[in-house]
Amino acid sequence: MLGGKFLLLINCGGSFGFFCRFKGEILRDGFVDAEGRAYCISPLLYETGWIPFDVSTDGIKFDRSAQYFSVHPSKADPAYKVTLVNATQWQYYGTPNVAGRLEFTWNSFLISAEKVNIELWGYREFKAKEETNASAFLEAELRYLYSLGRNLTNTGAFSFIPEPKEDYSDWELGNIRITASSNLEGARDVQGLWSGGHVLAWHLEQAFRENSEAWAHNKCLKWDVLEENLPNFLNELIDCPCTLAQARADTGRFHTDYSCDIERGSVCTYHPGCVHCVRAIHASPIHGSGQQCCYDSTGALVLTGDSVGGSTPDRAHDWGSPPYVKPPRVPGYSHWLYDVMSFYYCCLWSPHCHIYLKHRPSSGCQNYRPPRAGVVLGDPHFITFDGLRYTFNGKGEYYLVSSPEKGLSVQARTEQVKRKNGTLTKATRLSSVAMKQDASDVIEVRVAGAHLQVLRNQNILAFTEQRWMDLYGVYVFSPSPGNVTVIFSSGVGVEVCLYEGTMAVTVLLPEEFYNHTQGLLGSMNSDPSDDLTIQLGEVISSADATLEEIFTFGASWNISKNSSLFTYDSEHLLDMYNIPPSHDPTFVPAFSLPESLDDPLVAEMLTMCYGEGAQFCKYDTLTTRDLTVGNATLKAYQKHQALLHALKPVVSCGWLPTPRNGRKNGTDYLQGSTLSFACNKGYIMYGSAERTCLGDGTWTGDHKAIINKKLSENTNLCRGRALCGQYSPLVKLKLFKFLVFMHSLRSL
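Residues numbered from 1 in each chain as written. Predicted model: local features only at pLDDT ≥ 70, side-chain atom pairs only at ≥ 80, totals over all residues. Heavy atoms only, no water.

In the nomenclature of an unreviewed UniProt entry, the protein corresponds to Kringle containing transmembrane protein 1 from the organism Oreochromis niloticus. Regarding the protein, the relevant UniProt record gives this comment under Subcellular location (unreviewed entry): "Membrane". (UniProt positions renumbered as here; feature names shortened; annotations may be inferred.)

So, in structure tokens, the structure goes:
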């Protein structure tokens with residue numbers, strides 16, 4: 001995103017001059033190297049995703065075009081970045097007992113020069129025009145500040161002892177850039193390497209080094225005032241999942257926060273006490289804000305009301321949000337300015353984290369509703385959103401999910417299964433799935449040998465450099481060659497996995513799709529009896545449907561040629577799918593297969609295929625004559641069952657605070673949990689000392705004080721919790737008389 005990368009232009013070399021134009025508006029000179037190769041250099045941008053550019057030899061007619069992928073600075077390949085050695089020293093430099101030399105390194109082979117300049121660039125967001133609206137006309141700026149070194153030998157390492165920079169102390173966030181010394185200092189859009197964005201503690205004014213805590217406290221107080229005047233963004237955020245299992249399973253709406261990742265050792269610098277955090281993938285619609293949810297080792301959601309390491313929302317989403325470019329939607333940087341710098345002021349550099357948490361409180365999970373999941377696996381077997389299980393072995397292209405009201409279409413292509421010996425079976429399996437929602441890019445995921453291939457608008461996407469891609473109206477995540485997740489802006493997630501060469505597809509739908517789905521994965525309405533509804537509307541009773549009737553149902557959901565989202569980029573695909581009918585009427589599958597004890601395969605199959613999912617495992621083993629295939633189907637089935645268990649709804653009664661002048665035992669607010677309250681010495685409890693979360697989302701016990709609140713010298717007016725009060729001798733006398741009076745009434 002920061003630019004400075006060579007874009008080699010194939011078949012565009014020569015001695016001529018030419019121009020590169022990015023996004024139809026950013027015009028830059030191209031250049032030709034000594035070997036006659038033509039290049040453009042990517043410019044500094046404040047957005048991620050696919051960036052179009054075109055080339056002209058005369059500056060008028062731009063007749064050659066291409067695209068490149070702009071990534072969030074934190075997601076750039078570390079091999080192509082400047083690395084800050086000992087990041088903790090960099091972020092605390094100038095605070096007590098943190099000083100000395102700072103060091104950073106880079107790959108010297110990536111700068112094609114013997115001598116380099118080392119520069120500091122600062123980032124800010126400012127008003128382009130004077131307006132009363134606090135968020136109006138904000139502009140983003142990454143500006144060259146000064147050089148740390150000039151004409152230095154390109155060794156791949158540099159260290160220095162930083163001095164306070166009074167003239168630049170207002171620049172508190174920035175990056176280090178390394179370029180060839182032949183470039184002018186601060187020149188834009190030249191080849192270079194960048195560090196990640198980081199807080200510039202090491203160059204702040206002398207006042208910071210003399211008393212960093214007081215300096216930071218003053219900044220924290222100013223931020224407090226600023227926040228009071230900004231719009232409230234908390235109300236439009238999605239609630240957090242209640243459990244770690246839900247958070248990791250809801251892949252259509254939440255994704256791992258790599259700063260606190262259980263898969264990478266749970267180094268949670270900003271959330272002590274947590275083992276894993278996730279971020280809401282989609283920014284809020286109005287303010288472009290983000291949600292963050294963090295969990296402890298028990299899998300419980302950690303709240304800021306109980307811990308400074310609790311889940312904190314973000315005024316600016318860390319990954320930015322479309323249309324990007326303008327604050328507070330600039331990827332990475334807006335988040336640093338609005339949410340991270342203030343954490344340094346209030347929590348890391350001074351002990352005033354309560355100010356920060358006042359504006360960044362955890363949202364809880366009372367309104368969270370997990371998505372519903374449907375799956376296709378094996379040869380192929382279906383489990384609908386409402387839990388109906390059936391097998392459909394049609395050959396062709398079909399609707400898995402169709403939701404015209406929500407603009408969603410997920411289509412599946414099946415092919416005839418081929419055994420290892422090359423013979424064809426009377427069964428099919430998925431070979432490709434294609435999808436889009438509204439005006440999003442069309443994404444297709446298909447089997448390509450031992451891995452999955454992803455296409456965007458009929459063009460292959462390579463995941464050799466990136467695991468995550470921000471596309472138009474959709475994201476694609478591919479952590480491994482056999483695993484792809486497609487995520488739409490509505491929160492729909494489509495997970496595609498390979499099991500021994502066989503594709504399994506899981507579709508996750510948020511509750512907004514309730515009563516708005518049709519297709520092979522059924523009508524999501526908690527009623528499996530109508531899941532076998534053919535495309536013309538007739539319902540086949542699932543209770544007594546024959547295998548032939550189920551086949552008729554499945555065949556009815558073949559797609560029309562003009563609605564196909566698939567790519568036909570080979571003669572095979574044209575001949576097999578584009579020209580013939582979408583459902584092959586000549587292919588009749590084996591609806592069932594005998595389990596003959598004389599068959600040597602059966603004994604091993606029965607040992608392997610047992611328990612839930614055994615019927616799918618047996619069918620696939622017998623049709624393919626391959627135990628490996630049957631076992632893969634069983635594993636896919638078991639994974640789906642684990643997913644359903646993780647997404648099981650839970651009830652939260654909401655957070656209960658610790659009573660003033662007292663203690664709270666427990667931080668679990670889910671159904672069946674009990675919290676107890678006790679007072680510090682010298683204080684008296686009134687209200688319930690124990691509360692239990694009920695299945696209807698309410699707490700047991702009194703939410704009103706047993707004794708008139710006026711009797712307490714330390715009245716806390718918050719409802720729904722036990723309160724502790726300290727009483728003067730006069731109040732104690734009144735209390736004693738009140739208790740005697742109540743006792744006398746009970747005696748009567």
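A. Molecular detail of the overall build of the protein. Along the protein, the regular secondary structure elements total 12 helices and 37 strands. Overall size of the protein, expressed as C-alpha extent along the three principal axes, is 100 × 90 × 50 Å. The buried share of the protein, taken over its 748 residues, is 54%. Partitioning the intrachain contacts of the protein with sequence separation of at least 6 by distance along the chain shows that 60% fall at a separation of at least 24. (Helix = DSSP H or I, 4+ residues; strand = E, 2+ residues; numbered from the N terminus. Buried < 20%, exposed > 50% of the residue type's maximum accessible area, 1.4 Å probe, protein only. Contact = heavy atoms within 4.5 Å.)

B. Structural view of the side chain of Ser403. With respect to the helices and strands, Ser403 occurs in strand 22 (residues 397–403). Judged by its relative accessible area of 0%, Ser403 falls in the buried class. There is a polar contact of 2.6 Å between the side chain of Ser403 and the backbone oxygen of His516. Sequence-distant contacts of Ser403, defined by excluding residues within four places in its chain, comprise Leu408, Phe513 and His516. (Polar contact = N/O pair within 3.5 Å; in protein donor to acceptor, adjacent residues only side chain to side chain.)

C. How the structure looks around the domain arrangement of the protein. Assigned domains within the protein: domain 1 (5–71), domain 2 (75–209), domain 3 (212–360), domain 4 (372–592) and domain 5 (662–708). Each of domain 4 and domain 5 has a C-alpha centre, and these two points are 50 Å apart. (Domains from an automatic or database assignment.)

D. Summary view of the state of the cysteines. A full pass over the atoms with the stated rule returns 9 disulfides. Shown here is the disulfide that connects Cys240 with Cys293, its sulfur atoms set 2.1 Å apart. Looking along the S-S bond of the Cys240-Cys293 disulfide, the torsion reads about -85°, which is the left-handed sense. Of the two residues, Cys240 is situated in the loop between helix 3 (212–228) and helix 4 (244–249) and Cys293 in strand 18 (residues 292–295); the sequence distance between them amounts to 53 residues. (Disulfide = S-S within 2.5 Å.)

E. Representation of the sheet that holds strand 22 in the model. Taken together, the 6 strands give an open sheet; going across it, the order is 22-23-24-25-26-27, and neighbouring strands pair in antiparallel fashion. Of all the strands in the sheet, the pair left with one neighbour each is strand 22 and strand 27 (459–461). This sheet shows a mean twist of 30° between the axes of neighbouring strands, independent of strand direction. Sheet topology places strand 25 (residues 443–448) next to strand 26 (residues 451–456); 6 bridges connect them, and they run antiparallel. Paired with Glu444 across the strands is Leu455, a residue of strand 26. (Pairing = 2+ DSSP bridges. Axes fitted to C-alpha atoms, helices over the stretch in contact; angles between N-to-C directions.)

F. Representation of the packing of aromatic side chains in the model. Enumeration according to the criterion identifies 43 aromatic pairs in this entry. Centre to centre, the rings of Phe31 and Tyr39 are 5.4 Å apart; their planes meet at 20°, and the pair counts as stacked. Looking at Tyr39, the relative accessible area reads 10%, which means it is buried. With 5.9 Å between their ring centres and 25° between their planes, Phe158 and Phe160 make a pair best called stacked. The exposure class of Phe160 is buried, given its relative accessible area of 9%. One aromatic cluster in this structure is built from Phe208, Trp215, Trp223, Tyr270, Trp336, Phe343, Tyr344, Tyr345, Trp349 and Tyr356. Positioned above the aromatic ring of Tyr80 is the side chain of Lys5, whose terminal nitrogen or guanidinium carbon lies 4.0 Å from the ring centre. Between the NZ or CZ atom of Lys75 and the centre of the ring of Trp319, over which it lies, the distance is 4.7 Å. (Phe/Tyr/Trp six-rings, centres within 6.5 Å; stacked < 30°, edge-to-face > 60°. Lys NZ or Arg CZ within 6 Å of the ring centre and 35° of its normal.)

G. A look at unusual backbone geometry. That bond from Pro322 to Pro323 is cis: its omega, 5°, falls within 30 degrees of zero. Geometrically, the link from Pro327 to Pro328 is a cis peptide bond, its omega value of 5° lying close to zero. As for its placement among the helices and strands, Pro328 is situated in the loop between strand 18 and helix 5 (333–348). At Asp438, a residue that is not glycine, the phi angle is positive and equals roughly 55°. Among the secondary structure elements, Asp438 is positioned in the loop between strand 24 (424–437) and strand 25. We classify Asp438 as exposed; its relative accessible area is 54%. One non-glycine residue, Gln458, lies in positive phi territory at about 75°. Relative to the elements of secondary structure, Gln458 occurs in the loop between strand 26 and strand 27. Residue class for Gln458 comes out exposed when judged on its relative accessible area of 52%.

H. Representation of the pairing of strand 23 (residues 408–418) within the structure. Strand 23 sits mainly inside the fold: 8 of its 11 residues count as buried. Strand direction decides the pairing type here: strand 22 and strand 23, joined by 6 bridges, are antiparallel. Looking at the pairing, Tyr399 lines up with Gln411 of strand 23. Hairpin connection, strand 22 to strand 23: the antiparallel pair is bridged by 4 residues, and Gly407 has positive phi, about 70°. Note: strand 23 against strand 24, 10 bridges, orientation antiparallel. By the bridge assignment, Thr414 is partnered in strand 24 with Leu430. The antiparallel hairpin formed by strand 23 and strand 24 contains 5 residues in its connecting segment, where Gly422 sits at a positive phi of about 95°.

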